[in-house]
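Residue-level structure breakdown
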Amino acid sequence: MRGTPQRKPPGGAKGGTRTPSPGAGKEPGGGRQRPVWSRDFALFFGARAVAQLGDTMLPVALAAGLLQHGHGAGAVGAALASTSAAFAGLIVFGGVIADRFDTRRLMIGADLVRVCTQSLAAALFFSGHVVLWQICVIGFVNGVAGAVFQPGVAGTVPRLATDVQGANGAIRIAEAVAQLAGPALAGVLVGFASPGGVFAAHAATYTVSAVCLLLLRLPPRVRTGAARALKGGRAFRAYLVEGWREFRSRTWLWGVIAVWCLYMITVWGPTTPLVAAEIVQDHGARSYGLVNSALGAGTVVGGLLALRLRPRRMLRAGAFGVFAFAAFPVTVGAGLSVAAMAAGAAVAGVGMAFWSVMWATSVQTQVPADVLNRIHAYDVAGSLAMMPVGQSLAGPAAGVFGPDHVLLAAGGMSFVVAASLLCVPAIRGLVRADAHGDPGPRP
């Protein structure tokens, strides 16, 4: 078995004393290394897999339920936006809270809040008394709970498994399977029961997640820094400032997120709505479902690939996966056959899943454990902030240039984004934390 991963202390000089990386592979007190599939990681994996399955069911339930009760497509968008707006607006503060308090308890609390909100939504839909503002309020509360829950995910993985990359690969595969199975399961529940049944099932998934997290045993977290000596509002501000300072001190970190903002505006944002509209209009909803399934299958393959390959420079290897995403918008924009579009979606899924594992693992192993939740919050907020911009520009751009040209341009921008990642020395030169020898360039 390989020894405990080593990395350079943050801000330390080359050749200095090596210290274990965040989440390094020994239990407190110097015990055995933790494998990926320990009891505790299996519980965490189960919590995430089940909750992800429920989350992928939600859009189907909202669309079917609101349309059945006389609301239009705009109401569905408003209900979904209420959740995403709360999540994106508050996740940075959620990162501060996750670094200040017990992460596991916060995640359990967030799950229990969502058990209550989704149970209430189920009762509303079962009763037939569905008022849009009530559904939006429920969505907003869910977004707040998600903003408290999500930052702790990044900090929990390296505390549970020595093989952080393997753990991220397994979680990514579970997410892909959920994306494949969730909408289909929601459709079955809507057909045999009602949209209220989907919300009840969604509440049940959060119950399972909370129970798994309740049984979880996390090793203690190292806490350092001047902010720990402060209390109240001063401590909150100090944590926020400290997180931002740690974030901007790492060129590879903020560099990737800056490039990713461009990706969200020019690639992912326009691709999501325009691909759906083009395929459904030209080939029907069944073909769109097939292409989506191919995307999910490719994501599973990309996760499996990330379990096997261990590149020394993870972000450089992952950037080549970003090139592959171009196959999705290009095949649709070029008006190719459904089979060709499915193949393009599968290739895109492989590339993006591989990138996501390389990126998540780099963040979780290169960033100090006591600021990791805040850094992850900045990562998520930076990515989400630009996605609605790209989505809102998709329609006007398609009206001026045509949807096919916009999709082809999105494919071209995939190459620009990937090339931009490779052009930044701090990004392409970052060496994985558990590599032997020099840990790579300083932030």
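Below or above, wherever it landed, is the structure these notes cover.

Secondary structure assignment for the protein chain yields 15 helices and 2 strands. When the 443 residues of the protein chain are sorted by exposure, 51% land in the buried category. Intrachain contacts of the protein chain at a sequence separation of at least 6 include 83% that bridge at least 24 residues. Carbon together with sulfur atoms contributes 68% to the accessible area of the protein chain, which is approximately 18300 Å² in total.

This part is about empty space enclosed by the protein. Throughout the structure, instances matching the rule amount to 4 cavities of 30 Å³ or more. Every residue along the wall of the second largest cavity is listed here: L58, L62, A79, S82, T83, Q118, A121, I135, I138, G139, N142 and F199. Among the secondary structure elements, those contributing two or more residues to the lining of the second largest cavity are α1 (39–68), α2 (73–100), α3 (103–127) and α4 (132–160). It is α4 that provides the largest number of residues to the lining of the second largest cavity, a total of 4 residues. Here the residues of the lining of the second largest cavity are counted per class, giving 7 nonpolar, 5 polar and no charged.

Turning our eyes to something else, we now look at the nonpolar core. For soluble globular proteins, nonpolar side chains are generally found buried alongside one another. Core analysis: the biggest nonpolar cluster contains 55 residues, and W252, W260, F328, W355, W359 and L421 have the highest contact counts within it. It is helix α8 (residues 251–283) that contributes the most residues to this core, 12 residues altogether.

This part is about the packing of aromatic side chains. For the coordinates displayed, the defined rule picks out 14 aromatic pairs. Between the aromatic rings of W268 and F325, the centroid separation amounts to 5.7 Å while the plane-to-plane angle is 45°, which identifies the pairing as tilted. Taken together, the residues W268 in helix α8 and F325 in the loop between α10 (314–324) and α11 (327–333) connect sequence positions 57 residues apart. Assessed through its relative accessible area of 1%, F325 is described here as buried. Ring centres 6.0 Å apart and planes at 35° place the aromatic pair F320 and F323 in the tilted group. With F320 and F323 both in helix α10 and 3 residues apart, the pair spans about one turn of that helix. In this structure an aromatic cluster arises from ring pairing among W252, W260, Y263, W268, F325, F328, W355 and W359.

This brings us to the packing of α4 against helix α13 (residues 372–401). Where α4 meets α13, the axes come as close as 8 Å, and the angle between the chain directions of the two elements is 130°. Looking at the two axes, α4 sits oblique to α13. As α4 packs across α13, the resulting crossing turns out to be right-handed. Seen from α4, the contacting residues are Q150, P151, G152, A154, G155 and P158; seen from α13, they are L372, N373, H376 and A377. Of the residues contributing to the contact of α4 with α13, the split by class is 5 nonpolar, 5 polar and no charged.

As a further point, take the pattern of salt bridges. Enumeration according to the criterion identifies 6 salt bridges in this entry. With a shortest N-O distance of 2.7 Å, D40 and R39 are connected by a salt bridge. Given a relative accessible area of 14%, D40 falls into the buried group. What makes R39 partly exposed here is its relative accessible area of 41%. Between R172 and E175 there is a salt bridge whose closest N-O contact spans 3.2 Å. Of this pair, R172 and E175 both sit in helix α5 (residues 164–192), 3 residues apart, which is roughly one turn of the helix. Relative accessible area serves as the criterion here: at 22%, E175 is assigned to the partly exposed category.

Let's shift gears to α3. In this model α3 runs 36 Å from its N-terminal to its C-terminal C-alpha over 25 residues, within 8% of the 36 Å that 1.5 Å per residue would give. Capping the start of α3 is the job of one residue whose side-chain oxygen sits 3.3 Å from the backbone nitrogen of R104: D102. Positive phi shows up at G128, right after α3, with a value of about 80°.

Counting through the fold element by element, L218 comes out in the loop between α6 (195–215) and α7 (232–248). Expressed as a C-alpha distance, the spacing of L218 and T103, which sit 115 residues apart in the sequence, is 9.3 Å. Apart from residues no more than four positions distant in its own chain, L218 is found in contact with R104, T156, R159 and L160.

Take the side chain of Q52 next. Counting through the fold element by element, Q52 comes out in helix α1. If we skip the residues at most four places from it in the chain, Q52 touches E175 and A178.

Counted at 1.5 Å a residue, the expected span for α8 with its 33 residues is 48 Å, and the 45 Å between its end C-alpha atoms agrees. Helix geometry: α8 is bent most strongly at M264, by close to 45°. With its phi angle positive at about 100°, G284 sits one or two positions after the end of α8.

What follows concerns the environment of M107. With respect to the helices and strands, M107 occurs in helix α3. Given the relative accessible area of 0%, M107 is considered buried. What M107 contacts, discounting residues up to four positions off in sequence, is F44, F149, G152, V153, T156 and L213.

Quick notes on the rules
- Residues numbered from 1 in each chain as written.
- Predicted model: local features only at pLDDT ≥ 70, side-chain atom pairs only at ≥ 80, totals over all residues.
- Heavy atoms only, no water.
- Helix = DSSP H or I, 4+ residues; strand = E, 2+ residues; numbered from the N terminus.
- Buried < 20%, exposed > 50% of the residue type's maximum accessible area, 1.4 Å probe, protein only.
- Contact = heavy atoms within 4.5 Å.
- Areas by Shrake-Rupley, 256 points an atom, 1.4 Å probe, with all protein chains shown as cover.
- 1 Å grid on protein atoms, 1.4 Å probe; cavity = no way out; pocket = protein on both sides within 12 Å on 5 of 7 lines; lining within 4 Å.
- Points joined across faces, edges and corners; volume = space filled by probe spheres on them.
- Nonpolar A, V, L, I, M, F, W, Y, C, P; charged D, E, K, R; others polar.
- Core = buried A, V, L, I, M, F, W, Y, C linked by side-chain atoms within 4.5 Å.
- Phe/Tyr/Trp six-rings, centres within 6.5 Å; stacked < 30°, edge-to-face > 60°.
- Axes fitted to C-alpha atoms, helices over the stretch in contact; angles between N-to-C directions.
- Parallel < 35°, antiparallel > 145°, perpendicular 65-115°, else oblique.
- Left-handed = near helix turned anticlockwise from the far one by under 90°.
- Salt bridge = Lys/Arg side-chain N within 4 Å of Asp/Glu carboxyl O.
- Expected span 1.5 Å × (residues − 1).
- Polar contact = N/O pair within 3.5 Å; in protein donor to acceptor, adjacent residues only side chain to side chain.
- Bend = angle between axes of the 7 residues up to and from the residue.

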